[in-house]
Amino acid sequence: ISTFIDLILLTILFRQYFSYKYYALFFYLFLMFTGLEYEFNLMRNIKATLLFLISIKYIYSRNFIKFLILNLLALSFHWSSILFFPLYFILHKEISLKSYCVLFLVGILIYVLMPYVLHALLQIFTTVFEGYMFTEKIDDYLNLDMFSAGKQFSLMDIALMIWYVLILITYNQIKRTSPHVICFINLFALYFLFSCMGSGMILFRQRVAILFEPSCWLLFI
């Protein structure tokens, strides 16, 4: 039943942007970029994320009510969907190529610095907001090695940097493909930045960056 619901949402999302001749490629990209992990380990997250992706068209049409309804439904599946709400106001904004280049360098800097500063920053944050449920959850994650350990450098990190550079090189061509594509480029930039934070704490890769990884499904097709 869960998979059937996901297939319906994936089909709705696909039909917003592509013709059916690309469906097999789209589904392959879904499986390649976290789809299997979503289906087996993040069954609530995938429904929340797909509802957000479907709601992106309402960012462009500036229909906040429909965007809000879909993302409140997404929030009912998983609390992490709260991160999607502010994106209504910024995701459709076109950023200059120079700014994307700066974000790439910022991401590299984050990757280098996070192993040394992230835990200390989170501990300060939990102290300032002591008593709130989300700070208690952060404390729990900090005390669990499987979440608090930093992600080791891997081929996936190299691939992510290569993809980012390819998007920079083809940025002007990509922009002309669709009026909605700016949203997915911006989502990919967020995916890159939060993935870089995973060097300090793998949780950011497993629970935050993964929310924005679906931008790859729509960009790379």
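Fair warning: this is a prediction, and the values are worked out from it, not measured in the lab.

So, about the overall build of the protein chain. Helix and strand counts for the protein chain come out as twelve helices and zero strands. For the protein chain, the C-alpha radius of gyration of 18 Å lies close to 17 Å, the compact-globule estimate for 221 residues. In terms of principal-axis extent, the alpha carbons of the protein chain reach across some 50 × 40 × 30 Å. Residues counted as buried form 46% of the 221 residues belonging to the protein chain. If you take every contact in the protein chain between residues at least 6 apart in sequence, the share linking residues at least 24 apart comes to 73%. Entry remark: accessible area of the protein chain is about 11800 Å², with carbon and sulfur atoms responsible for 71%. Between the centroid of the 15 positive side chains of the protein chain and the centroid of its 11 negative side chains there is a distance of 17 Å.

Relative to the assigned elements, Ser 199 resides in the loop between helix H10 (181-197) and helix H11 (203-212). We classify Ser 199 as buried; its relative accessible area is 7%. Separated by 50 residues in sequence, Ser 199 and Ala 149 have C-alpha atoms that sit 8.4 Å apart. Once residues lying within four places of it in the same chain are set aside, the contact partners of Ser 199 are Ile 110, Tyr 111, Met 114, Pro 115, Gly 150 and Lys 151. Polar contacts involving the side chain of Ser 199 include one to the main-chain carbonyl oxygen of Tyr 111, which spans 2.7 Å.

A separate point is the pattern of salt bridges. Pairing of side chains with opposite charge becomes possible as their charged atoms draw close. This structure, assessed with the given rule, holds three salt bridges. In this structure, the salt-bridge partner of Lys 175 is Glu 94, at a minimum N-O distance of 2.8 Å. You can see Lys 175 sitting in helix H9 (residues 171-175) and its partner Glu 94 sitting in the loop between helix H4 (64-77) and helix H5 (97-128), a full 81 residues away along the chain. Lys 175 sits in the partly exposed class, given a relative accessible area of 27%. Look at Glu 94 and you get exposed, because its relative accessible area is 52%. Among the salt bridges present, the one from Arg 205 reaches Glu 213, with a minimum N-O distance of 3.3 Å.

All right, on to a negative patch on the surface then. Judged by side-chain charge, Glu 130, Glu 136, Asp 139 and Asp 140 come together as a negatively charged surface patch. Assignment of secondary structure puts Asp 140 in helix H6 (residues 133-142). Among the residues examined, Asp 140 registers a relative accessible area of 47% and is labelled partly exposed.

Across its 32 residues, H5 extends only 37 Å between first and last C-alpha, which sits more than 12% below the 46 Å expected from 1.5 Å per residue. Along H5, the sharpest kink reaches roughly 70°, centred on Met 114 and followed within four residues by the proline Pro 115. All buried positions along H5 are accounted for by Tyr 100, Phe 104, Gly 107, Ile 110, Tyr 111, Met 114, Leu 118, Leu 122 and Thr 126.

Applying the stated rule across the entire model yields 30 aromatic pairs. Both rings, one in Phe 33 and one in Trp 163, keep their centres 5.1 Å apart while their planes meet at 65°; by these two values the pair is edge-to-face. Here Phe 33 is found in helix H2 (residues 23-41), whereas its partner Trp 163 is found in helix H8 (residues 155-169), with 130 residues between them in sequence. With relative accessibility at 3%, the residue Phe 33 sits in the buried group. Through pairs of rings, three or more aromatic residues link up here, namely Phe 14, Tyr 17, Phe 18, Tyr 23, Phe 26, Phe 27, Phe 30, Tyr 38, Phe 184 and Trp 217.

Confidence in the prediction of the protein chain, expressed as mean pLDDT, is 87, and 97% of residues score 70 or more. Mean pLDDT per element in the protein chain: helix H7 (residues 145-148) is the minimum at 69, and H4 is the maximum at 95.

What counts and how
- Residues numbered from 1 in each chain as written.
- Predicted model: local features only at pLDDT ≥ 70, side-chain atom pairs only at ≥ 80, totals over all residues.
- Heavy atoms only, no water.
- Helix = DSSP H or I, 4+ residues; strand = E, 2+ residues; numbered from the N terminus.
- Rg over C-alpha atoms; globule rule 2.2 N^0.38 Å.
- Buried < 20%, exposed > 50% of the residue type's maximum accessible area, 1.4 Å probe, protein only.
- Contact = heavy atoms within 4.5 Å.
- Areas by Shrake-Rupley, 256 points an atom, 1.4 Å probe, with all protein chains shown as cover.
- Lys, Arg positive; Asp, Glu negative; His and termini not counted.
- Charge placed at Lys NZ, Arg CZ, Asp CG, Glu CD.
- Polar contact = N/O pair within 3.5 Å; in protein donor to acceptor, adjacent residues only side chain to side chain.
- Salt bridge = Lys/Arg side-chain N within 4 Å of Asp/Glu carboxyl O.
- Patch = residues over 30% accessible without salt bridge, like charges linked within 9 Å, V, L, I, M, F, W, Y side chains within 5 Å.
- Expected span 1.5 Å × (residues − 1).
- Bend = angle between axes of the 7 residues up to and from the residue.
- Phe/Tyr/Trp six-rings, centres within 6.5 Å; stacked < 30°, edge-to-face > 60°.
- pLDDT = per-residue confidence, 0-100.

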